[in-house]
Amino acid sequence: QVQLVESGGGLVQSGGSLKLSCAASGFTFSSYTMGWFRQAPGKEREFVAHISWSGGSTYYGDSLKGRFTISRDNAKNTVYLQMNSLRREDTAVYYCAAERLLIEPMRGDYWGQGTKVTVSS
């Protein structure tokens, strides 16, 4: 069965960094576009970033490029999100998603359960 398992969330001070991981199984990871989304309390889900199957193409949500970096390791079936210069407004549950044939905006064929990131001042 398909599984996307996020990890790496936690509590971090403003200005700090975290690296999220998403381990995939149950599908051909290297054939899928992978993405990250987030949902803050009381807000709608927001697109963060996605990366092509090869890792050669990345795309970021508004205002996130430069602070966040998405990457993947197809040998490990894992996608990452490096988050730097974190701000309180980055506090959210972060979700990993996989999409076989990307049609913008990314919708996700498969979703993880999420990992919580809390940024304190």
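Scroll up a little and you will see the structure.
Residues numbered from 1 in each chain as written. Predicted model: local features only at pLDDT ≥ 70, side-chain atom pairs only at ≥ 80, totals over all residues. Heavy atoms only, no water.

**Considerations on the pairing of strand β4 (residues 33–39)**
Judged by how many residues are buried, β4 sits mostly within the fold: six of seven residues are covered. Two strands pair when backbone bridges link them, and β4 and strand β9 (residues 92–99) are joined in this way by seven bridges, in the antiparallel orientation. Residue pairing for β9: Gln39 is matched across the bridge by Val93. Sheet topology note: the β4/strand β5 (residues 46–51) ladder contains five bridges and is antiparallel. Within the sheet, the bridge partner assigned to Trp36 lies in β5 and is Ala49. Linking β4 to β5, which pair antiparallel, is a turn of six residues; within it Gly42 sits at a positive phi near 75°. (Buried < 20%, exposed > 50% of the residue type's maximum accessible area, 1.4 Å probe, protein only. Helix = DSSP H or I, 4+ residues; strand = E, 2+ residues; numbered from the N terminus. Pairing = 2+ DSSP bridges.)

**Quick notes on the sheet that holds strand β3 (residues 18–25)**
In spatial order, the strands read β1-β3-β8-β7; together these four strands make up an open sheet with antiparallel pairing. Of all the strands in the sheet, just β1 (3–7) and β7 (68–73) have a single pairing partner and so form its edges. Recorded for the sheet is a direction-independent mean angle of 15° between the axes of neighbouring strands. Relative to strand β8 (residues 78–83), β3 runs antiparallel, the two sharing six bridges. Bridge assignment links Ala23 to a residue of β8, and that residue is Thr78. (Axes fitted to C-alpha atoms, helices over the stretch in contact; angles between N-to-C directions.)

**Structural notes on the nonpolar core**
In terms of nonpolar packing, the biggest core is built from 29 residues, with Met34, Trp36, Val79, Leu81, Met83 and Tyr94 touching the most fellow members. Put simply, the parts of the chain that give this core at least two residues each are β3, β4, β5, β7, β8, β9 and β11 (115–120). In this structure Val79 touches Leu20, Ser21, Cys22, Phe29, Met34, Trp36, Ile51, Ile70, Ser71, Arg72 and Cys96, once residues within four positions along its chain are discounted. (Core = buried A, V, L, I, M, F, W, Y, C linked by side-chain atoms within 4.5 Å. Contact = heavy atoms within 4.5 Å.)

**Overview of the packing of aromatic side chains**
For any pair of aromatic rings, the description rests on two quantities: the centre-to-centre distance and the angle between the ring planes. Counted under the stated rule, the structure contains seven aromatic pairs. Where Phe27 meets Tyr32, the ring centres are 4.7 Å apart and the plane angle is 65°; that geometry is what we call edge-to-face. Accessibility assignment for this pair places Phe27 and Tyr32 in one class, buried. Counting every residue linked through ring pairs, the aromatic cluster contains Phe27, Phe29, Tyr32 and Tyr110. In this structure, Lys19 packs its charged tip against the face of Tyr80, placed 4.6 Å from the ring centre. Sitting over the face of the ring of Phe29, Arg72 holds its NZ or CZ atom 4.4 Å from the ring centroid. (Phe/Tyr/Trp six-rings, centres within 6.5 Å; stacked < 30°, edge-to-face > 60°. Lys NZ or Arg CZ within 6 Å of the ring centre and 35° of its normal.)

**Focus: the pattern of salt bridges**
Counted by the stated rule, this structure contains three salt bridges. Glu46 is the salt-bridge partner of Arg38, the closest N and O atoms lying 2.8 Å from each other. We classify Arg38 as buried; its relative accessible area is 8%. For Glu46, a relative accessible area of 33% puts it in the partly exposed group. (Salt bridge = Lys/Arg side-chain N within 4 Å of Asp/Glu carboxyl O.)

**Here's the deal with the state of the cysteines**
Counted under the stated rule, the structure contains one disulfide. Residue Cys22 pairs covalently with Cys96 via a disulfide, S to S 2.1 Å. The sign of the S-S torsion, about -80°, decides the handedness of the disulfide formed by Cys22 and Cys96: left-handed. Taken together, the positions of Cys22 in strand β3 and Cys96 in strand β9 put the pair 74 residues apart, joining distant regions of the chain. Relative accessible area serves as the criterion here: at 0%, Cys22 is assigned to the buried category. (Disulfide = S-S within 2.5 Å.)

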